[in-house]
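Summary of the model geometry
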Amino acid sequence: MSTPQEQMEAFRRAAETLRSKIDVVPRVMIICGSGLGGLANILEGNRVEVPYHDIPGFKTSTVQGHAGKLVFGTIGQNKVPVMCMLGRLHYYEGYSLQDTVFPVRVAAVLGIKTIIVTNAAGGVRPGFKPGELMVIDDHINFPGFAGTHPLRGPNLAEFGPRFQPLSDAYDFELRKLFMDKAKELKVTRNIYEGTYFYATGPTFETRAEVRMVRTLGGDAVGMSTVPEVIVARHSGLRVLALSLITNEAVGDKPPSAFEENPKDLSEGMASHDEVLETADEASKDVEAIVAAVVNEL
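Parameters and conventions
Residues numbered from 1 in each chain as written. Predicted model: local features only at pLDDT ≥ 70, side-chain atom pairs only at ≥ 80, totals over all residues. Heavy atoms only, no water. UniProt positions renumbered as here; feature names shortened; annotations may be inferred. Helix = DSSP H or I, 4+ residues; strand = E, 2+ residues; numbered from the N terminus. Rg over C-alpha atoms; globule rule 2.2 N^0.38 Å. Contact = heavy atoms within 4.5 Å. Areas by Shrake-Rupley, 256 points an atom, 1.4 Å probe, with all protein chains shown as cover. Patch = residues over 30% accessible without salt bridge, like charges linked within 9 Å, V, L, I, M, F, W, Y side chains within 5 Å. Salt bridge = Lys/Arg side-chain N within 4 Å of Asp/Glu carboxyl O. Lys, Arg positive; Asp, Glu negative; His and termini not counted. Charge placed at Lys NZ, Arg CZ, Asp CG, Glu CD. Buried < 20%, exposed > 50% of the residue type's maximum accessible area, 1.4 Å probe, protein only. Polar contact = N/O pair within 3.5 Å; in protein donor to acceptor, adjacent residues only side chain to side chain. Core = buried A, V, L, I, M, F, W, Y, C linked by side-chain atoms within 4.5 Å. 1 Å grid on protein atoms, 1.4 Å probe; cavity = no way out; pocket = protein on both sides within 12 Å on 5 of 7 lines; lining within 4 Å. Points joined across faces, edges and corners; volume = space filled by probe spheres on them.

Under an unreviewed UniProt entry, the name given to the protein chain is Purine nucleoside phosphorylase, and the source organism is Diutina rugosa. Comment text from UniProt for the protein chain, heading Catalytic activity (unreviewed entry), reads "a purine D-ribonucleoside + phosphate = a purine nucleobase + alpha-D-ribose 1-phosphate". The Pathway (unreviewed entry) comment attached to the protein chain in UniProt states, word for word, "Purine metabolism; purine nucleoside salvage."

Check the secondary structure of the protein chain and you find six helices and nine strands. Relative to the 2.2 N^0.38 estimate, which gives 19 Å for 297 residues, the radius of gyration of the protein chain is 19 Å and therefore close to what a compact globule would have. Principal-axis analysis of the C-alpha atoms gives the protein chain an extent of 70 × 45 × 35 Å. If you take every contact in the protein chain between residues at least 6 apart in sequence, the share linking residues at least 24 apart comes to 82%. Carbon and sulfur atoms form 50% of the exposed surface of the protein chain, whose accessible area is close to 13500 Å².

This next bit is on a nonpolar patch on the surface. Together, F142, F145, M212 and L216 make up a nonpolar patch on the protein surface, roughly 410 Å² of accessible area in all. As for its position among the elements, F145 is in the loop between β6 (133–141) and α3 (172–184).

Turning to a negative patch on the surface, a few remarks are in order. Taken together, the side chains of D273, E277, D280 and E281 present a region of like negative charge at the surface. Its place among the elements puts E277 in helix α6 (residues 272–294).

What follows covers the side chain of H139. As for its position among the elements, H139 is in strand β6. Judged by relative accessible area, H139 falls into the buried class, the value being 13%. Within the local environment of H139, its side chain forms a polar contact with the side chain of Y170, the two groups lying 2.7 Å apart. What H139 contacts, discounting residues up to four positions off in sequence, is L166, Y170, T195, Y196, V226 and I230.

Bringing the pattern of salt bridges into the picture now. Per the stated rule, a full pass over the model turns up 16 salt bridges. E9 is the partner of R13 in a salt bridge, and the nearest nitrogen-oxygen pair spans 4.0 Å. In this pair, R13 and E9 are both assigned in helix α1 (residues 4–19), four residues apart and thus about one turn of the helix distant. By relative accessible area, R13 is classed as partly exposed at 43%.

Here we come to the UniProt feature "binding site: a purine D-ribonucleoside" (unreviewed entry) in the protein chain. Following the UniProt record, the feature "binding site: a purine D-ribonucleoside" (unreviewed entry) maps to E205 and N247 here. A maximum C-alpha distance of 11.9 Å is found for the annotated residues, which run over 43 residues; spatially they form one tight group. Mapped onto the elements of the fold, E205 is located in the loop between β7 (191–198) and α4 (207–216). Residue class for E205 comes out partly exposed when judged on its relative accessible area of 21%. If we skip the residues at most four places from it in the chain, E205 touches A199, V210 and V221. Inspection of the secondary structure puts N247 in strand β9 (residues 238–248).

Before going further, it helps to spend a moment on the nonpolar core. Within the largest apolar cluster, 50 residues are counted, with the highest numbers of intra-cluster contacts made by L18, L70, M83 and I115. Ranked by the residues each element gives to this core, the list is headed by helix α2 (residues 97–110), at eight residues. For L70, the contacting residues outside a window of four places in its chain are L18, V48, E49, V50, Y52, I55, F58, M83, C84 and M85. If you look at the next biggest cluster of nonpolar residues, it comprises 32 residues, including A40, V82, V293 and V294.

Attention shifts here to empty space enclosed by the protein. Inspection of the entire model under this criterion finds one cavity of 30 Å³ or more. Taken as a whole, the largest cavity encloses approximately 50 Å³ of empty space. R88, L89, H90, Y91, T100, Y198, M223, S224, T225, P227 and E228 together form the lining of the largest cavity.

Let us look at the side chain of T118. Relative to the elements of secondary structure, T118 occurs in strand β5 (residues 114–123). Polar side-chain contacts of T118 include one of 2.9 Å to the backbone oxygen of I31. Dropping the residues within four chain positions of it, T118 is found in contact with I31, C32, G33, L36, L39, R88, T225 and L242.

Encoded structure:
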């Protein structure tokens, strides 16, 4: 693992590379989840695109639905400068957690103050339907209990404390602003608040695991977001996080081999294609609400 000094130098090199390519330093970072890359469509003004491979220290996204570039522009009448991350990095791709959160550290060095994190997630709370939205108000970092944690290693004191509190991880005012803007825009899609359960993936959860997540208090489950949120808070950034429910997680017990006419095991099975299809259908509402929120920042 690199020393804190080496890590800080890597963040600064990446930030300087980006500063050399843009006219205005962004105030907001948006991380686009699976199928939600259309959020970059709301960027206006002098748009600048920077592929990850042109940024020192950045890894390359390998997942379908993740483009692998930063897009800079403005949003809204107030022309709020924004950096949009098209294609996040995941632990399951083989990267370290430090690699996956590297862009968040660079955002903090750039001077960004607010991060909006989106994801596609499986609905665990009974009644959640594909296409509905959940504003995250808390999370369960399940891998973190076993030591798979983005703050593992020497503390980067330039950003935050050794023991970062997370009871305020999801900014109340930003959550309220999101809800208010959704009402103003007359969005009819159901919007909830809830707890996001982080699992590293890349497999979707078994039926027993879905029941466990529900028992532990998770309302939606996914393979991202939490490491980025932890590092964003450690870096002093305000956080708004949003899950698009793309499938109903299957938690009932599998059919018994003793049954005469058992249900098909594939019934309700999750797939990445379903995730992308649902995200595409909901993208316009997500884009409209996010644009209205960013315009106020």
